[in-house]
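Per-entry structural report
Letter by letter, the chains look like this.
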Amino acid sequence: MSRLTVFKAVLGPILRLMFRPQVEGVENIPGTGPVILAGNHLTFIDSMVMPVCVDRPVFYIGKDEYVTGKGLKGRLMAWFFTGAGMIPVDRDGGRGGVAALMTGRRVLEEGQAFAIYPEGTRSPDGRLYRGRTGIARLTLMTGAPVVPFAMIGTDKLQPGGAGLPRPGKVTVRFGEPMEFSRYEGMDRDRYVLRAVTDSVMSEVMRLSGQEYVDMYATKAKAA
């Protein structure tokens, strides 16, 4: 069995017991083939909860610092995060965004499910922020459909994304697949990229019920 399969078999029941996720619309996720899962990002545990609600393996990008620690603690963290489907990428370098995009493309071309948070970072205040266009480039380059999703209530269990989360109930809501084949070959057109990204974020907003802010979350955090 793969490490991800072991992770879901061992820790999946524990996570479901802790967070009692109410899952809606999971039937919208194709059982096979490439698919992009695009959703909001409220807190750290989003990346733990959402994948255990999906029957097929889900991969996502994470900071390489999570898997480069030393000693027993470092090895345990590396096993945990890679077992959860995280692919480590150095996102702090000048080419971090390109590396993340190419990693996502590789995962999709292998016929896998790839999860992405278009906001690029956790929401600083629970509102939904402007999406970055990497999500649009991925779907246009690979032809993979986008299934929007919403995490609801995770920020109440782990405010600010810091510290250990407390047990509680969350909702994970998946929308209908979105496809953008009409824009094939236009993955370098910035107006198309923005239109596709905004369409996805509109669906995420509808699913989550969040207030939308037409500003990047990183800019809001820096203010």
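Residues numbered from 1 in each chain as written. Predicted model: local features only at pLDDT ≥ 70, side-chain atom pairs only at ≥ 80, totals over all residues. Heavy atoms only, no water.

**Thoughts on the overall build of the protein chain**
Going by this rule: Under the DSSP-based scheme used, a helix requires at least four consecutive residues in state H or I and a strand at least two consecutive residues in state E, with every element numbered from the N terminus. Three labels apply to residues, based on accessible area from a 1.4 Å probe with only protein chains included: buried if under 20% of the type maximum, exposed if over 50%, partly exposed otherwise in between. Contact criterion: two residues are considered in contact whenever any of their non-hydrogen atoms come within 4.5 Å of each other. Each accessible area is a Shrake-Rupley result for a 1.4 Å probe, and residues are judged covered by the shown protein chains and nothing else.
For the protein chain, the helix and strand inventory stands at eight helices and nine strands. In the protein chain, which comprises 223 residues, the proportion classed as buried is 47%. Contacts spanning at least 24 positions in sequence make up 80% of the contacts within the protein chain whose residues lie at least 6 apart. For the protein chain, the accessible surface area stands at approximately 11,100 Å², while carbon and sulfur atoms represent 54% of it.

**With respect to the side chain of T103**
Tracing the sequence through the fold places T103 in helix α4 (residues 96–109). Among all residues touching T103, those that are not within four sequence positions of it are I61, I87 and V89.

**As for the pairing of strand β7 (residues 146–152)**
Short version of the rule: Here, any two strands with at least 2 DSSP bridges between them count as paired.
With respect to burial, β7 is a largely interior element, six of its seven residues being buried. With four bridges joining them, strand β2 (residues 35–39) and β7 adopt parallel strand pairing. Looking at the pairing, A38 lines up with P148 of β7.

**Things to note about the pairing of β2**
The buried fraction of β2 amounts to five of the five residues, a majority that puts the element mostly inside the structure. Taken together, the four bridges between β2 and strand β5 (residues 113–116) define a ladder with parallel strand orientation. Among the inter-strand pairings, A38 is bridged to a residue of β5, identified as I116.

**Here's the deal with the pattern of salt bridges**
One side chain can pair with another of opposite charge once the charged atoms of both are near each other. Heads up, the condition is: Counted as salt bridges are all cases of a side-chain nitrogen of Lys or Arg within 4 Å of a carboxyl oxygen of Asp or Glu.
All chains considered together, the criterion is met by nine salt bridges. In this structure, the salt-bridge partner of R173 is E24, at a minimum N-O distance of 2.7 Å. Taken together, the residues span a long stretch of sequence, with R173 in strand β8 (residues 171–174) and E24 in strand β1 (residues 22–24) at a distance of 149 residues. The exposure class assigned to R173 is partly exposed, which follows from its relative accessible area of 25%. Across the pair E110 and R106 runs a salt bridge, and its minimum N-O distance is 3.6 Å. Counted as one network, the salt bridges with shared partners bring together D125, R127 and E211.

**With respect to helix α7 (residues 190–208)**
What counts here: Any helix carries an expected span of 1.5 Å times its number of residues minus one. Polar contacts here mean pairs of N or O atoms no more than 3.5 Å apart (in protein, one a potential hydrogen donor and the other a potential acceptor; neighbouring residues in sequence count only if both atoms are side-chain atoms).
Its 19 residues place the ends of α7 26 Å apart at the C-alpha level, agreeing with the 27 Å of an ideal helix rising 1.5 Å per residue. Those residues of α7 that are buried are in contact with β2, β6 (128–129), α5 (134–142), β7 and β8. Its side-chain oxygen placed 2.9 Å from the backbone nitrogen of Y191, D189 serves as the N-cap of α7. With its phi angle positive at about 75°, G209 sits one or two positions after the end of α7.

**Considering unusual backbone geometry**
Negative phi is the rule for most residues except glycine; trans is the rule for most peptide bonds. Positive phi outside glycine occurs at R20, with the angle close to 40°. In this structure, R20 sits in the loop between α1 (3–19) and β1. Of the residues examined, R20 reaches a relative accessible area of 43% and is grouped as partly exposed.

**So, the environment of V147**
Counting through the fold element by element, V147 comes out in strand β7. Take V147: its relative accessible area is 0%, and that puts it in the buried class. V147 has contacts with N28, I29, P30, V35, I36, L37, A38, F174, G175 and P177, leaving out every residue within four places of it along the chain.

**A look at the environment of V192**
For V192, the location among the structural elements is in helix α7. Given the relative accessible area of 9%, V192 is considered buried. Residues contacting V192, with those up to four places away along its chain left out, are L140, Y183 and M186.

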